[in-house]
Amino acid sequence: MDGDEPATTGNEKAPLLEGSKGSKLIAFCRRHKRIVIPVGIMILLLPLLGLLALRNHHAHAMNWTSPLVYPSPQGYAIGNWSAAYEKAHAMVGNMSLEEMNNITLGVVDTTSGCVGVSGSAPRVGFPGLCLHDAGNGVRNTDGVNAYASGIHIGASWNASLAYERAQFMGAEFKRKGVNVALGPVVGPIGRIAEGGRFWEGFSADPYMDGILGAQSIIGLQESVIASVKHFVANEQETNRNPIANDGNPILSSSSNLDDETMHELYLWPFQDAIVAGAGCVMCSYNRINNTYGCENSKAINGLLKGELNFPGFVVSDWVAQHSGIESANAGLDMAMPTTGFWNELQLQKAVNSGALNRTRLVDMATRIIATFYQFGQDKALPNGVGMPANILLPHNYTDAKDPAAKSSLLQQALEGHVLVKNVNNALPLRKPKVLSIFGYDAIQQTSFVPNGNTFPQSWEAIGLGIQQSMGIASNAPVPDPPQTQNGTLVVGGGSGSNTPAYISTPYDAIAARAYDDGTGIFFDFVSTEPSVVSSSEACLVFINEFSSEVWDRAGLADADSDTVVNNVASACNNTIVVIHNAGIRLVDAWIDNPNVTAVIFAHLPGQDAGRAVAQILYGDVSPSGRLPYTVARQASDYGNLLSPCQADGSSSPQCVYTEGVNIDYRGFPARNITPRYEFGYGLTYSAFSYSDLHTSINATATPDGAVVPVYTNDTTNSNSNNTAIGVGGLLSLFESIGTITATIANTGPVAAAEVAQLYLQIPGGTSNTSNPRTRVLRGFEKVLIKPNETAEVSFNLRRKDVSTWNVTRQAWVVPSGEFGVYVGKSVLNTPLRTSFTI
Ligand code: BGC
C-alpha cells in the first residue's frame, strides 16, 4: 500500500533536492506513515502534556504547603532548666553579636575527630562544642565499644536495657571529649520497608520509639547532650539531599503529610524525647510539605518549640541548611558542619541591617549556652580530646571503655535475637557430636582498620564500585547497592555505624563450645552449594542483610543468600538459619521447607554477636526478642510502603503519605493482609499463659470547647505564661489515667522472658476515612519468669495514650466510646481481651 500513494499536487512547495537529508526524511515518513503520523501527533502533544503535567504537579505540590509560624519561640527558664537559663542569660548578656553569631555555626577543625565542632566564645568562657556520631556507639575512633544497634534494642523490648546501654555509651562519649552525641534516632520510624536507616531507630511503632528513645536520652544525658534525630518525617534515603544535576537541580524529597498523621505518628516519639529532657534536636534533610526541614517554621517554631515547648537547641543535619535568614527565623539555632549562610558574620550583619531580629540571634545563642550548662558541659574535657583526627597517626590512646559495660553489652546482644521458627526440638543444641557451619556471615570480615578516618563497616566497607561512590558524593541514587556484607554483620553502614573493640563471630563462639563438648565441626563459608557431611546433627547457616545510610535497600531479601539456605536444606534435614538483618528480611524463599527447622533474626548485636548467638543456640539463655516490625510473606504485601518514592523526572519529588498513620503493622489489617510474622512475634524455649486481665481507668472524654494553646503565626511566645505547659508540652497529656494488669505464668520447662504487650483499639475514625483506625501498641513489659512461676504485668496509661489529635481543635482529645483492650504476645496473638468505656 505504501507504494500506492498519489503523486504530489501542484500547490506543494518545491520539493527538496533528491537525495538530501530532507527528502530522505519525507520519503521515510511516507513509507512509514502509519507509525510516523501517531508518533508525530504525540510529539506535537508532548509540550501540551508537559504543561498539563506541570500544572498538575504544581497543583499537587500546592496542596501540600507548610504553614508559616513566627516568631520563633524564645527559650525560657522552665522546670529544671531554670539555673541553666540564668547562667546562659548572664553569659550571652556579655557576648557581642559577633560572638553570638560565631557559636551558631560549625567551624573547620583539623585537630580532633569530632564530626562537627561549633564556634567558641573564649572571652566569656564558652569553649565550643564537639558533636559526634551517633546512636549506637562512638563512631570512627579507637578505645570504644560497639553497642547493639537501635533495631536490636527495639527487638529487645526492654526499656531498662535501653537506659543502661545509653548510660555506658554516654560515658564513652564523655571520656572522648564529645559534648553532643548525635543520637538517638526516632525518625525514620520505618514507613518504608526498604528504608536504608530503619535499623538506626528502634521500632516501626511511635509509642515504642518514644519509650526506648526517652530512656536512651536519659541515659546519654547523664554524661553528654543527646541530639535526637531526624526531625521530622525523614523516612527515606532516596533523594534525601538536593542533587545538582547539571544545572537542573532536583530538590530533596518532600514528605507530604497531614496534621493528624504528623501528631499521631511522626511527632509522637519526639514528644517523648523532649519530655525526657533532650537537649538538642537535629532537623532533617527532607522537606516537610514542601519546605526544608531546617527552615520549616511550622515544624520547628510551631511544633517543636511551641507545642512541645522544647528548651534546648536545634542543630541542622550535616549540610541540611538551605537558607540564611529564613532558617534562623524558622528556628534553626546551629548550622553544621559549616555554613555558607551564617559565616562571615552574616547573622550579625543581618541584625545590624534590621533583616534579622536581634532577639532571634540572642535566643539562638541562649539556647545553645543554656543546654551547655544544663548538661554540665562547662565541666567537660577539652573538645574531642580523646579522639584524634586520624588514628593512623601517633596519638595518645584514650580508652573510653568501662569494664563494667561488658555484661551490659552481652545482655543487649542477647536480648535482640528473635526466634521465629523452632520445630522438631531443633534448638537448643545439646552437645552435638558433629555440626556443619555455612554462610559468609559466620566469620570475621577480612580486615578492620580505618582507611583514612573511615572504618570498613562504614560505606567503604562493602567495596562500593566507582559508580556507587560517585552516587554518594553527588547525592544521586546509588546504583545496585550491596545487600550483604562479607563477615558477621554487627552494625549497619553510614554515620550510625560504630567501632567495635573486637568482633566475636558465631564461628569463634561455636568453636569454643566444640572444644568443651567434643564436637566436630565442618564448615564452608564460601560456596553457595556446600557439601554436607551426613553425620552433621545440625547445619547452621549464617547470612545477613546489609543496610546503610545514603541509599534505600534494593530489596527485602537477596537471592544468593536464599540459594545457600535452600541448597543446605536440600542436603540437611536440620538446617538452622541465623540472619544478621539490618531491617526487615523476608524468608518465604525457604521458610516452609521442612528441613529448615529453626530461624533466628539476629539483627545487629554489636561486638558480642557471636558470644550472644552461641548462648542462645546452646540454650544457656532462652531467646527473648520480639519483632519490632512486620515480616510479610512477599514484598508486595507492603503495598506502596515497600519502596521509597522516586523523583520520576520531577525536580521536586513528592512523597504523599496517603496511608496516614497506618504504616507497618497498622497497615496490614487495614489492607486485610496476613503477615508471615507479625509485629511483636517471637518464640522462647518455654511457654506462657495469660490470665486475670484487670482495667482500672479513670478518664473523662475531653469536653467540647476546652481551651488549648494553639501555635499558629504570631501566637507562639505564650508558653511562659501558661502553667499547664512544661518541657514537652501540655503536662496533662502525661498524667496517668489508670492501669491495666494481667498475670503471666511460665508453663514451660525453662526460665525465659516473656514480652507482654498491650494494644488498644481507640474509638472513632481518622480524618482520612480510607485509613481506618487499627489497634495500636500502648504498653509493653518484659518479665523473666521461672518455670511454674507467675508474674504480674502492669501497664500504665498516660492521657496521651488514649487520645487522638483533633485537627480542627488543634488539640489532643480523649474520645468518648468503647476502647478495645488486647493483651498478649504479639499484635495478632492477644489471649486477653476486654474493653473500657470513656
Ligand atoms: C546524618 C546524621 C549524622 C551527620 C553527621 C548526616 O549525614 O544524616 O545522622 O549525624 O551526618 O555525621
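All of the points below concern the structure found in this document. Source: prediction; values computed, not measured.

Cut-offs applied
- Residues numbered from 1 in each chain as written.
- Predicted model: local features only at pLDDT ≥ 70, side-chain atom pairs only at ≥ 80, totals over all residues.
- Heavy atoms only, no water.
- Helix = DSSP H or I, 4+ residues; strand = E, 2+ residues; numbered from the N terminus.
- Buried < 20%, exposed > 50% of the residue type's maximum accessible area, 1.4 Å probe, protein only.
- Contact = heavy atoms within 4.5 Å.
- Areas by Shrake-Rupley, 256 points an atom, 1.4 Å probe, with all protein chains shown as cover.
- Lys, Arg positive; Asp, Glu negative; His and termini not counted.
- Charge placed at Lys NZ, Arg CZ, Asp CG, Glu CD.
- Near = heavy atom within 4 Å.
- Polar contact = N/O pair within 3.5 Å; in protein donor to acceptor, adjacent residues only side chain to side chain.
- Nonpolar A, V, L, I, M, F, W, Y, C, P; charged D, E, K, R; others polar.
- Pairing = 2+ DSSP bridges.
- Axes fitted to C-alpha atoms, helices over the stretch in contact; angles between N-to-C directions.
- Salt bridge = Lys/Arg side-chain N within 4 Å of Asp/Glu carboxyl O.
- Parallel < 35°, antiparallel > 145°, perpendicular 65-115°, else oblique.
- Left-handed = near helix turned anticlockwise from the far one by under 90°.
- Core = buried A, V, L, I, M, F, W, Y, C linked by side-chain atoms within 4.5 Å.
- Phe/Tyr/Trp six-rings, centres within 6.5 Å; stacked < 30°, edge-to-face > 60°.
- Disulfide = S-S within 2.5 Å.

1. Digging into the overall build of the protein
At step 1: Assigned secondary structure in the protein consists of 19 helices and 27 strands.
At step 2: Along the first, second and third principal axes, the C-alpha atoms of the protein reach 100 × 80 × 70 Å.
At step 3: Looking at the protein as a whole, 60% of its 838 residues qualify as buried.
At step 4: A sequence separation of at least 24 residues applies to 80% of the contacts in the protein between residues at least 6 apart.
At step 5: On the protein, roughly 31,700 Å² of surface is accessible, and the fraction owed to carbon and sulfur atoms is 54%.
At step 6: A distance of 2 Å separates the average location of the 53 positive side-chain charges in the protein from that of its 71 negative side-chain charges.

2. Structural notes on the site of the ligand
At step 1: Around the ligand, the surrounding shell holds 14 residues, and the nearest of these are Asp133, Arg197, His230, Tyr285 and Asp317.
At step 2: Here an oxygen atom of the ligand sits 2.9 Å away from a polar atom, N or O, in the side chain of Lys229.
At step 3: With the chains in place, 94% of the 310 Å² that the ligand exposes on its own is no longer accessible.
At step 4: Split into classes, the residues belonging to the shell around the ligand amount to five nonpolar, two polar and seven charged.

3. Concerning the environment of Glu264
At step 1: Note that Glu264 resides in helix α8 (residues 259-266).
At step 2: Residues Glu264 and Thr804, spaced 540 residues apart in sequence, show a C-alpha to C-alpha distance of 7.0 Å.
At step 3: In this view, Glu264 contacts Pro206, Val661, Arg773, Thr804, Trp805 and Trp812; residues no more than four positions away in its chain are not counted.
At step 4: At 2.9 Å, the side chain of Glu264 forms a polar contact with the backbone nitrogen of Trp805.

4. Observations concerning the sheet that holds strand β13 (residues 538-545)
At step 1: Within the open sheet, the six strands sit side by side as β10-β15-β14-β13-β11-β12. Their pairing is mixed. Whereas interior strands pair on both sides, the edge strands pair on one side only; in this sheet they are β10 (418-422) and β12 (520-524). The mean angle between the axes of side-by-side strands here comes to 15°, regardless of whether they run parallel or antiparallel.
At step 2: Across five bridges, strand β11 (residues 434-438) lies against β12 in parallel orientation. Across the sheet, the residue bridging to Ile437 is Phe523, located in β12.
At step 3: Helix α16 (residues 506-517) contacts β11, β12, β13 and β14 (575-581) of the sheet and is inclined by roughly 160° relative to β12.

5. Regarding the pattern of salt bridges
At step 1: Taken as a whole, this structure holds 35 salt bridges when the rule is applied.
At step 2: Here Arg553 and Glu545 are joined by a salt bridge, their closest N and O atoms 3.3 Å apart. Comparing Arg553 with Glu545, the two get one shared label, buried.
At step 3: Of the charged contacts in the structure, one is a salt bridge between Arg676 and Asp592, with a shortest N-O distance of 3.2 Å. Placement of Arg676 in the loop between α19 (664-670) and β17 (688-697) and of Asp592 in the loop between β14 and β15 (596-601) is noted, with a sequence separation of 84 residues between them.
At step 4: Judged by relative accessible area, which is 58%, Asp592 ranks as exposed.

6. What about the side chain of Glu260?
At step 1: Within the fold, Glu260 resides in helix α8.
At step 2: Given a relative accessible area of 6%, Glu260 falls into the buried group.
At step 3: When residues no more than four places from it in sequence are discounted, the contact partners of Glu260 are Leu265, Thr766, Ser767, Asn768, Arg773, Trp805 and Val807.

7. A closer look at the packing of helix α7 (residues 206-220) against helix α9 (residues 268-275)
The angle between the axes and the distance between the axes are what describe a pair of packed helices.
At step 1: Here α7 crosses α9 at 25°, and the two axes come no closer than 8 Å. Here α9 runs roughly parallel to α7, going by the angle between their axes. In this structure, α7 crosses over α9, and the sense of that crossing is right-handed. Every residue of α9 that contacts α7 at Pro206, Tyr207, Asp209, Gly210, Ala214 and Ile217 is listed here: Trp268, Pro269, Asp272 and Ala273.

8. Re the environment of Leu641
At step 1: Along the chain, Leu641 falls in the loop between α18 (609-617) and β16 (654-656).
At step 2: In this structure the C-alpha to C-alpha distance between Leu641 and Ser561, which are 80 residues apart in sequence, comes to 24 Å.
At step 3: Apart from residues lying up to four places away in sequence, Leu641 is in contact with Arg191, Ile192, Ala193, Glu659, Asn662 and Ile663.

9. Some remarks on the packing of α8 against α9
At step 1: At a minimum axis distance of 4 Å, the contact between α8 and α9 shows a crossing angle of 55°. By the criterion of interaxial angle, the relationship of α8 to α9 is oblique. Contact residues: Met262, His263, Glu264, Leu265 and Tyr266 in α8; Trp268, Pro269 and Phe270 in α9.

10. Considerations on the nonpolar core
At step 1: Among the nonpolar cores identified, the biggest contains 145 residues, and Tyr266, Ile369 and Val823 are the most heavily contacted of them.
At step 2: The element best represented in this core is helix α13 (residues 358-374), accounting for eight residues.
At step 3: When residues no more than four places from it in sequence are discounted, the contact partners of Val823 are Tyr690, Leu693, Ile740, Ala742, Gln757, Leu758, Phe795, Thr830, Pro831 and Leu832.
At step 4: By size, the runner-up hydrophobic cluster in this structure holds 49 residues, among which are Val564, Leu586, Phe601 and Tyr681.

11. Considering the packing of aromatic side chains
At step 1: Enumeration according to the criterion identifies 21 aromatic pairs in this entry.
At step 2: Both rings, one in Phe819 and one in Phe836, keep their centres 5.0 Å apart while their planes meet at 10°; by these two values the pair is stacked. You can see Phe819 sitting in strand β26 (residues 818-824) and its partner Phe836 sitting in strand β27 (residues 832-837), a full 17 residues away along the chain. The pair Phe819 / Phe836 is uniform in exposure class, with both members buried.

12. Notes on the state of the cysteines
At step 1: On inspection of all chains with the given rule, the structure shows four disulfides.
At step 2: Across a sulfur-sulfur distance of 2.2 Å, Cys114 and Cys130 are joined as a disulfide pair. The chirality of the disulfide connecting Cys114 with Cys130 is left-handed, given an S-S dihedral of about -110°. Here Cys130 lies in strand β2 (residues 130-132) and Cys114 lies in the loop between α4 (97-103) and β1 (116-117), a separation of 16 residues in the sequence. Of the two residues, Cys114 and Cys130, neither departs from the other in class, the shared state being buried.
At step 3: Residue pairing for Cys539: its cysteine sulfur links by disulfide to Cys572, the two sulfurs lying 2.1 Å apart. On the sign convention where negative is left-handed, the bridge of Cys539 and Cys572, at about 100° about the S-S bond, is right-handed. Residue Cys539 is located in strand β13, and its partner Cys572 is located in the loop between α17 (559-571) and β14; the two are separated by 33 residues in the primary sequence. Each of the two residues, Cys539 as well as Cys572, counts as buried.
At step 4: Taken in N- to C-terminal order, the disulfide-linked cysteines of the protein are connected 1-2, 3-4, 5-6, 7-8.
At step 5: This cysteine, Cys280, is not joined by any disulfide, and Cys283 carries the nearest cysteine sulfur, 9.1 Å off.
At step 6: A residue is classified by how much of its surface remains accessible, and Cys280, at 0% relative accessible area, is buried.

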